[in-house]
Amino acid sequence: MTQTMLKAAAALAEEVGAKAIVSFIEPVEFSCDIPVIWVRDLQLDVLRDLTMHDILEISERHLHDAAVQIYISQKYEFGKVVGVFPYAILVYDIDKGKEFISVQEFDDLVPRGVMTAVLQLALEIAVEGREGHSIGTAFIIGNTEEIFSHSHSAIINPYQGHRKEVRDITNRGNWESVKEFAQLDGVFVVDTTGTIQSAGRYIDVKGEDLSLPHGMGGRHRATASLTRIIPAVGVTISESGGMVRVFRNGECWLTVRSDVRIKS
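First, a word on what this report is: a plain description of the structure on this page. As a convention, each chain's residues are numbered from 1 in the sequence order in which they are written. Side-chain atom pairs in this predicted model are given and counted only at pLDDT of 80 or more, local residue features only at pLDDT of at least 70, and totals for whole chains, interfaces and linings cover all residues. Hydrogens and water molecules were not included; the side-chain quantities draw on all heavy atoms of the structure.

Below, the discussion takes up the nonpolar core. As used in this record, nonpolar core signifies buried Ala, Val, Leu, Ile, Met, Phe, Trp, Tyr and Cys residues forming a set joined through side-chain atoms within 4.5 Å. Burial classes: relative accessible area under 20% of the type maximum marks a residue as buried, over 50% as exposed, and values in between as partly exposed (1.4 Å probe, protein chains only). In terms of nonpolar packing, the biggest core is built from 53 residues, with M115, F139, V235 and V244 touching the most fellow members. Looking at which element gives the most residues to this core, the answer is helix α3 (residues 112–128), with 10 residues. Those residues in contact with V244 that lie beyond four places of it in its chain are L119, A122, L123, A126, V235, T236, I237, L254, T255 and V256. In this structure, A10, A13, I21 and V84 belong to the second largest nonpolar core, which totals 12 residues. Note on conventions: DSSP H or I runs of at least 4 residues are helices, E runs of at least 2 residues are strands, and numbering of each starts at the N terminus. The contact definition used throughout considers only heavy atoms, calling two residues in contact when any of these lie within 4.5 Å.

Right under this line is the structure:
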(Lines give C-alpha, C1' and ligand atoms only; values in the text may rest on other atoms or scores of the structure.)
Protein backbone atom coordinates (compact mmCIF):
# COMPACT_ATOMS: atom_id res chain seq x y z
CA MET A 1 0.00 0.00 0.00
CA THR A 2 2.84 2.41 0.91
CA GLN A 3 4.60 1.89 -2.42
CA THR A 4 1.30 2.30 -4.27
CA MET A 5 0.55 5.62 -2.55
CA LEU A 6 4.08 6.91 -3.15
CA LYS A 7 3.97 5.94 -6.84
CA ALA A 8 0.63 7.70 -7.25
CA ALA A 9 2.01 10.78 -5.47
CA ALA A 10 5.10 10.77 -7.69
CA ALA A 11 2.96 10.62 -10.83
CA LEU A 12 0.82 13.51 -9.60
CA ALA A 13 3.89 15.50 -8.58
CA GLU A 14 5.35 15.13 -12.05
CA GLU A 15 2.05 16.13 -13.64
CA VAL A 16 1.67 19.36 -11.61
CA GLY A 17 5.40 20.22 -11.62
CA ALA A 18 5.79 19.84 -7.85
CA LYS A 19 9.17 20.51 -6.27
CA ALA A 20 8.87 17.73 -3.70
CA ILE A 21 6.75 14.96 -2.25
CA VAL A 22 5.99 15.34 1.46
CA SER A 23 5.34 11.88 2.87
CA PHE A 24 3.33 11.36 6.06
CA ILE A 25 3.56 7.58 5.81
CA GLU A 26 6.20 5.20 7.15
CA PRO A 27 9.57 5.73 5.38
CA VAL A 28 10.48 3.02 2.89
CA GLU A 29 13.01 2.59 0.13
CA PHE A 30 11.57 4.54 -2.77
CA SER A 31 13.27 5.72 -5.94
CA CYS A 32 11.94 8.89 -7.55
CA ASP A 33 13.32 11.78 -9.60
CA ILE A 34 11.41 14.21 -7.36
CA PRO A 35 12.83 14.76 -3.82
CA VAL A 36 10.89 13.07 -1.01
CA ILE A 37 10.66 14.86 2.33
CA TRP A 38 9.67 12.55 5.18
CA VAL A 39 7.62 13.79 8.12
CA ARG A 40 8.59 11.97 11.30
CA ASP A 41 6.87 10.97 14.55
CA LEU A 42 3.36 11.85 13.45
CA GLN A 43 0.74 9.25 14.35
CA LEU A 44 -2.09 9.22 11.82
CA ASP A 45 -3.81 5.95 12.80
CA VAL A 46 -6.75 7.93 14.20
CA LEU A 47 -7.68 8.97 10.67
CA ARG A 48 -9.06 5.54 9.84
CA ASP A 49 -12.09 6.11 12.11
CA LEU A 50 -13.01 9.48 10.60
CA THR A 51 -15.15 10.52 7.66
CA MET A 52 -13.43 11.35 4.38
CA HIS A 53 -14.26 15.03 4.90
CA ASP A 54 -12.51 15.02 8.30
CA ILE A 55 -9.56 13.08 6.90
CA LEU A 56 -9.03 15.65 4.15
CA GLU A 57 -9.38 18.56 6.58
CA ILE A 58 -6.81 17.14 9.03
CA SER A 59 -4.47 16.13 6.22
CA GLU A 60 -4.62 19.63 4.74
CA ARG A 61 -3.76 21.14 8.13
CA HIS A 62 -0.81 18.76 8.60
CA LEU A 63 0.47 19.50 5.10
CA HIS A 64 0.21 23.24 5.79
CA ASP A 65 2.25 22.84 9.00
CA ALA A 66 4.88 20.82 7.13
CA ALA A 67 4.99 23.44 4.35
CA VAL A 68 5.70 26.16 6.93
CA GLN A 69 8.67 24.16 8.22
CA ILE A 70 9.88 23.45 4.68
CA TYR A 71 9.77 27.20 4.04
CA ILE A 72 11.55 28.03 7.31
CA SER A 73 14.28 25.51 6.56
CA GLN A 74 14.74 27.36 3.24
CA LYS A 75 14.30 24.16 1.23
CA TYR A 76 11.58 25.70 -0.94
CA GLU A 77 10.19 29.23 -0.85
CA PHE A 78 7.64 28.80 -3.61
CA GLY A 79 6.07 26.22 -5.88
CA LYS A 80 3.94 23.14 -5.25
CA VAL A 81 4.50 20.10 -3.06
CA VAL A 82 2.45 16.90 -3.03
CA GLY A 83 1.50 15.46 0.36
CA VAL A 84 0.93 11.73 0.61
CA PHE A 85 -1.03 10.32 3.56
CA PRO A 86 -2.27 6.79 4.33
CA TYR A 87 -5.71 7.73 2.98
CA ALA A 88 -5.23 10.80 0.78
CA ILE A 89 -2.94 12.65 -1.64
CA LEU A 90 -3.04 16.46 -1.68
CA VAL A 91 -1.37 19.26 -3.66
CA TYR A 92 -0.17 22.31 -1.71
CA ASP A 93 1.07 25.60 -3.20
CA ILE A 94 3.70 26.97 -0.79
CA ASP A 95 3.31 30.64 -1.65
CA LYS A 96 -0.47 30.51 -2.06
CA GLY A 97 -1.40 28.21 0.81
CA LYS A 98 -4.25 29.14 3.11
CA GLU A 99 -3.11 31.41 5.97
CA PHE A 100 0.52 30.95 4.95
CA ILE A 101 2.67 33.78 6.29
CA SER A 102 6.05 34.37 4.69
CA VAL A 103 9.10 34.79 6.87
CA GLN A 104 9.78 37.76 4.60
CA GLU A 105 6.97 39.54 6.47
CA PHE A 106 9.58 40.30 9.14
CA ASP A 107 12.39 41.49 6.85
CA ASP A 108 11.82 45.14 7.76
CA LEU A 109 12.73 44.38 11.38
CA VAL A 110 14.95 41.29 11.31
CA PRO A 111 17.24 40.00 8.53
CA ARG A 112 16.02 36.79 6.92
CA GLY A 113 19.03 34.71 8.02
CA VAL A 114 18.60 35.69 11.67
CA MET A 115 14.85 35.07 11.59
CA THR A 116 15.14 31.58 10.09
CA ALA A 117 17.94 30.63 12.49
CA VAL A 118 15.87 31.62 15.53
CA LEU A 119 12.83 29.73 14.21
CA GLN A 120 14.84 26.59 13.46
CA LEU A 121 16.46 26.73 16.91
CA ALA A 122 13.08 27.33 18.57
CA LEU A 123 11.64 24.26 16.84
CA GLU A 124 14.54 22.13 18.05
CA ILE A 125 14.00 23.34 21.62
CA ALA A 126 10.27 22.59 21.32
CA VAL A 127 10.98 19.06 20.05
CA GLU A 128 13.95 18.10 22.22
CA GLY A 129 13.34 19.90 25.51
CA ARG A 130 16.20 19.39 27.96
CA GLU A 131 17.13 16.41 30.10
CA GLY A 132 13.89 14.67 29.23
CA HIS A 133 11.63 17.60 30.10
CA SER A 134 9.75 20.09 27.94
CA ILE A 135 10.88 23.68 28.35
CA GLY A 136 9.48 27.04 27.36
CA THR A 137 11.40 30.19 26.55
CA ALA A 138 11.35 33.21 24.25
CA PHE A 139 13.64 35.24 21.99
CA ILE A 140 13.24 38.99 21.52
CA ILE A 141 14.97 40.23 18.36
CA GLY A 142 15.54 43.93 17.82
CA ASN A 143 17.45 46.95 19.07
CA THR A 144 19.26 45.91 22.26
CA GLU A 145 19.01 49.28 24.00
CA GLU A 146 15.27 49.48 23.42
CA ILE A 147 14.71 45.93 24.67
CA PHE A 148 16.90 46.49 27.74
CA SER A 149 15.00 49.68 28.58
CA HIS A 150 11.82 47.60 28.99
CA SER A 151 13.35 44.61 30.78
CA HIS A 152 15.67 43.68 33.63
CA SER A 153 18.00 40.83 34.52
CA ALA A 154 17.56 38.92 37.77
CA ILE A 155 20.70 36.81 37.19
CA ILE A 156 24.23 37.41 35.96
CA ASN A 157 24.12 37.60 32.16
CA PRO A 158 25.71 34.32 30.96
CA TYR A 159 26.67 35.93 27.62
CA GLN A 160 28.34 39.04 28.99
CA GLY A 161 32.01 39.35 28.07
CA HIS A 162 32.03 36.46 25.58
CA ARG A 163 33.35 36.81 22.04
CA LYS A 164 30.81 37.68 19.35
CA GLU A 165 31.54 34.42 17.51
CA VAL A 166 30.22 32.30 20.37
CA ARG A 167 27.11 34.50 20.66
CA ASP A 168 26.14 34.23 16.98
CA ILE A 169 22.72 32.57 16.85
CA THR A 170 23.06 31.86 13.11
CA ASN A 171 25.93 29.46 13.92
CA ARG A 172 24.53 26.01 14.75
CA GLY A 173 27.67 25.29 16.73
CA ASN A 174 26.40 27.70 19.39
CA TRP A 175 22.96 26.17 19.73
CA GLU A 176 23.78 23.65 22.47
CA SER A 177 24.68 26.42 24.90
CA VAL A 178 21.48 28.27 23.96
CA LYS A 179 19.45 25.13 24.67
CA GLU A 180 21.13 24.84 28.07
CA PHE A 181 20.39 28.46 28.99
CA ALA A 182 16.82 28.05 27.72
CA GLN A 183 16.08 26.32 31.03
CA LEU A 184 16.49 29.68 32.79
CA ASP A 185 13.47 31.85 33.51
CA GLY A 186 13.21 34.92 31.31
CA VAL A 187 13.97 35.55 27.65
CA PHE A 188 16.92 35.77 25.27
CA VAL A 189 17.75 39.15 23.78
CA VAL A 190 19.13 38.96 20.23
CA ASP A 191 20.20 41.98 18.18
CA THR A 192 19.52 42.32 14.46
CA THR A 193 22.97 41.00 13.55
CA GLY A 194 22.07 37.70 15.23
CA THR A 195 24.29 38.29 18.28
CA ILE A 196 22.84 37.06 21.58
CA GLN A 197 23.15 39.92 24.04
CA SER A 198 21.54 38.38 27.09
CA ALA A 199 19.65 35.39 28.53
CA GLY A 200 17.39 35.06 31.55
CA ARG A 201 15.97 38.55 31.16
CA TYR A 202 12.53 39.60 32.41
CA ILE A 203 10.18 41.83 30.42
CA ASP A 204 8.80 44.83 32.34
CA VAL A 205 5.68 45.37 30.25
CA LYS A 206 2.14 44.52 31.29
CA GLY A 207 0.17 42.31 28.94
CA GLU A 208 -3.06 44.27 28.95
CA ASP A 209 -5.61 44.89 26.19
CA LEU A 210 -4.05 42.35 23.85
CA SER A 211 -6.00 40.42 21.24
CA LEU A 212 -4.37 37.00 21.63
CA PRO A 213 -5.74 33.46 21.26
CA HIS A 214 -7.17 32.01 24.46
CA GLY A 215 -4.81 30.11 26.74
CA MET A 216 -1.55 31.97 26.16
CA GLY A 217 0.44 32.43 29.37
CA GLY A 218 2.51 35.23 30.86
CA ARG A 219 5.56 34.70 28.62
CA HIS A 220 3.47 35.05 25.48
CA ARG A 221 1.59 38.09 26.75
CA ALA A 222 4.77 39.85 27.88
CA THR A 223 6.45 39.11 24.55
CA ALA A 224 3.46 40.34 22.58
CA SER A 225 3.22 43.49 24.73
CA LEU A 226 6.87 44.35 24.18
CA THR A 227 6.54 43.99 20.40
CA ARG A 228 3.58 46.36 20.54
CA ILE A 229 5.59 49.24 22.06
CA ILE A 230 8.94 48.80 20.28
CA PRO A 231 9.86 47.60 16.75
CA ALA A 232 10.90 44.06 17.63
CA VAL A 233 9.98 40.45 16.85
CA GLY A 234 9.28 37.92 19.58
CA VAL A 235 9.54 34.14 19.19
CA THR A 236 8.10 31.99 21.97
CA ILE A 237 8.19 28.26 22.71
CA SER A 238 5.33 26.82 24.78
CA GLU A 239 6.36 24.42 27.51
CA SER A 240 3.01 22.69 27.13
CA GLY A 241 2.20 21.71 23.57
CA GLY A 242 5.52 22.70 21.99
CA MET A 243 4.02 25.47 19.88
CA VAL A 244 6.39 28.03 18.38
CA ARG A 245 4.79 31.43 17.89
CA VAL A 246 6.03 34.66 16.33
CA PHE A 247 4.82 38.06 17.54
CA ARG A 248 5.09 41.58 16.19
CA ASN A 249 2.99 44.73 16.73
CA GLY A 250 1.40 43.04 19.75
CA GLU A 251 -0.12 40.24 17.66
CA CYS A 252 0.61 36.59 16.93
CA TRP A 253 1.64 36.46 13.27
CA LEU A 254 2.76 32.86 12.91
CA THR A 255 2.23 29.56 14.73
CA VAL A 256 4.32 26.47 13.98
CA ARG A 257 3.48 23.08 15.47
CA SER A 258 6.49 21.08 16.59
CA ASP A 259 4.71 17.70 16.40
CA VAL A 260 4.74 17.96 12.61
CA ARG A 261 8.43 17.97 11.82
CA ILE A 262 10.32 17.23 8.67
CA LYS A 263 13.45 15.12 8.55
CA SER A 264 16.52 17.17 7.78
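Whenever strands of a sheet pair, they do so through backbone hydrogen bonds, lying parallel or antiparallel. Taken in spatial order, the seven strands of this open sheet run β6-β8-β7-β5-β9-β10-β11, and their pairing is mixed. Each end of this open sheet is capped by a strand with a single partner; those strands are β6 (151–153) and β11 (251–257). Neighbouring strand axes in the sheet, compared pairwise and without regard to direction, differ in orientation by 30 degrees on average. Strand pairing is defined by DSSP finding a minimum of two bridges between the two strands. Relative to strand β8 (residues 196–203), β6 runs antiparallel, the two sharing three bridges. Residue pairing in the sheet places H152 in a bridge with Y202 of β8. This element, helix α6 (residues 218–229), spans β5 (137–141), β8, β9 (233–237) and β10 (243–248) of the sheet and lies at about 170 degrees to β9. Lines fitted to C-alpha atoms define the axes here, with helix axes fitted over just the stretch in contact, and angles between the N-to-C directions of these axes take values from 0 to 180 degrees.

We now examine the pairing of strand β7 (residues 187–190). Alternating residues of β7 divide into V187 and V189 and F188 and V190, and every residue in both groups is buried. Inspection of the sheet shows β5 paired to β7 by three bridges, in the parallel sense. Looking at β7, one finds that I141 is bridged to V190. Sheet topology note: the β7/β8 ladder contains three bridges and is antiparallel. By the bridge assignment for β8, V187 is matched with R201. With antiparallel pairing between neighbouring strands as the criterion, β7 and β8 make up a hairpin whose turn holds five residues, including G194 at a positive phi of roughly 90 degrees.

The next subject is the packing of aromatic side chains. The relation between two aromatic rings is expressed through the spacing of the ring centres and the mutual angle of the planes. Pairing of aromatic rings covers Phe, Tyr and the six-membered ring of Trp, with a centre-to-centre limit of 6.5 Å; geometry is then stacked below 30 degrees between planes, edge-to-face above 60, and tilted otherwise. Following the criterion strictly, the structure yields four aromatic pairs and no others. An angle of 15 degrees between the planes, with centres 4.2 Å apart, marks the rings of F24 and F85 as stacked. Taken together, the positions of F24 in the loop between β1 (20–23) and β2 (36–40) and F85 in the loop between β3 (80–84) and β4 (89–93) put the pair 61 residues apart, joining distant regions of the chain. Both residues of the pair, F24 and F85, count as buried. Summarising the aromatic geometry, the rings of F106 and W253 are spaced 5.9 Å apart at their centres and angled 50 degrees between planes, so their arrangement reads as tilted.

Positive phi, close to 55 degrees, is recorded for N249, a residue that is not glycine. Note that N249 resides in the loop between β10 and β11.

The salt bridge definition used is simple: a Lys or Arg side-chain nitrogen within 4 Å of an Asp or Glu carboxyl oxygen. Evaluated as defined, the whole model comprises eight salt bridges. Close ionic contact of K179 with E128 constitutes a salt bridge, the shortest N to O distance being 3.0 Å. Of the two residues, K179 is situated in helix α5 (residues 175–181) and E128 in helix α3; the sequence distance between them amounts to 51 residues. For K179, a relative accessible area of 4% corresponds to the buried category. Among the residues examined, E128 registers a relative accessible area of 44% and is labelled partly exposed. In this structure, E176 and K179 form a salt bridge, with 3.6 Å as the shortest nitrogen-oxygen distance. In this pair, E176 and K179 both sit in helix α5, three residues apart, roughly one turn of the helix. The network of salt bridges with shared partners includes E124, E128, R130, R172, E176, K179 and E180.

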